[in-house]
Amino acid sequence: MIRVLVVDDEELVRSGLRLILEAAGDIAVVGEARDGAEAVSAVARLRPEVVLMDVRMPGMDGLTAAAHLLSQPGATKLIMLTTFDLDKYVHEALRLGAVGFLLKDTPPRDLAAAVRTVAGGQAMLSPSVTKRLIASYADRRPSRAETARKQLATLTGREEDVIRALARGLSNAEIGRELHLTEATVKAHVSRMLAKLGLANRVQAAILVHDADLG
């Protein structure tokens, strides 16, 4: 069973998320929290594999809680909940190391699938949602774009092909088919590329590509 903590200031939202996730059969909601402070305490006590947390909450908000949780050794995997037209904070949450985010109107089947993906060690990068949010809220100052391009210039030609495909939201298998590589070879490229760039996960790699205006 995948252990999940649900964090939202609205009880109705928490209850709905619990019902959806536990109906999946392989997901157990081990706790709920009403704000970031409760979330930090609950993570220390319950040790969930995945935290599903709203960005906008009274008291300690999701971004502040994310900064605390993701700075801890062996940090739990974090998915942020958001509404597309309001949460400019999502970009910063991804920079901190959150592995993805979901819109609050995500279909139940996709919600459970996203939790499984994250629990399995993959960042949740949806071409139709994540890429739009990253592109919408990324800081496009020339200095940042120049810095990002300098980082990416350290990659080999093949690694650059892989990171561009990754930024489009493709899985390792899809990248392999597009570039005529085995999935294992793509996985090796991604691991070396993340280490070379000093990045924590695929989402941060995608953000770097968008910062460089290459996505």
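Everything numeric in this text was worked out from a predicted model, so none of it was measured.

K.L.:
Sorry, what's going on with the nonpolar core here?
P.N.:
In globular proteins that are soluble, nonpolar side chains generally tend to be buried together. By size, the foremost hydrophobic cluster in this structure holds 26 residues, and its most contacted members are Leu5, Val7, Val51, Met53, Leu78, Met80 and Ala98. Not counting chain neighbours up to four residues away, the residues in contact with methionine 80 comprise Met53, Asp54, Val55, Gly62, Leu63, Ala66, Ala93, Ala98, Gly100, Phe101 and Leu102. Listed in part, the 22 residues of the second largest apolar core include Ala148, Leu152, Met193 and Ala212.

K.L.:
Explain the sheet that holds strand β3 (residues 50-54) here, please?
P.N.:
Within a sheet, neighbouring strands are paired by backbone hydrogen bonds and run either parallel or antiparallel to one another. An order of β2-β1-β3-β4-β5 is seen for the five strands of this open sheet, with the pairing classed as parallel. The open sheet terminates on both sides in strands that have one partner only, identified here as β2 (27-33) and β5 (100-103). Neighbour-to-neighbour, the strand axes of this sheet turn through a mean angle of 25 degrees, independent of strand direction. As paired elements, strand β1 (residues 2-7) and β3 share four bridges and run parallel to each other. Bridged to leucine 5 within β3 is valine 51. The strands touched by helix α1 (residues 11-22) are β1, β2, β3 and β4 (77-82); relative to β2, the strand with the most contacts, the crossing angle is about 165 degrees. Sheet strands touched by helix α2 (residues 36-46): β1, β2 and β3. Its angle to β1, the strand with the most contacts, is close to 160 degrees.

K.L.:
Is there a simple way to think about the pairing of β5 in this case?
P.N.:
Neither face of β5 is open: one carries Gly100 and Leu102, the other Phe101 and Leu103, and all of them are buried. Sheet analysis places β4 next to β5, joined by four bridges and oriented parallel. Bridge pairing in β5 places threonine 82 opposite leucine 103.

Reading the values: rules and limits
Residues numbered from 1 in each chain as written. Predicted model: local features only at pLDDT ≥ 70, side-chain atom pairs only at ≥ 80, totals over all residues. Heavy atoms only, no water. Core = buried A, V, L, I, M, F, W, Y, C linked by side-chain atoms within 4.5 Å. Buried < 20%, exposed > 50% of the residue type's maximum accessible area, 1.4 Å probe, protein only. Contact = heavy atoms within 4.5 Å. Pairing = 2+ DSSP bridges. Helix = DSSP H or I, 4+ residues; strand = E, 2+ residues; numbered from the N terminus. Axes fitted to C-alpha atoms, helices over the stretch in contact; angles between N-to-C directions.

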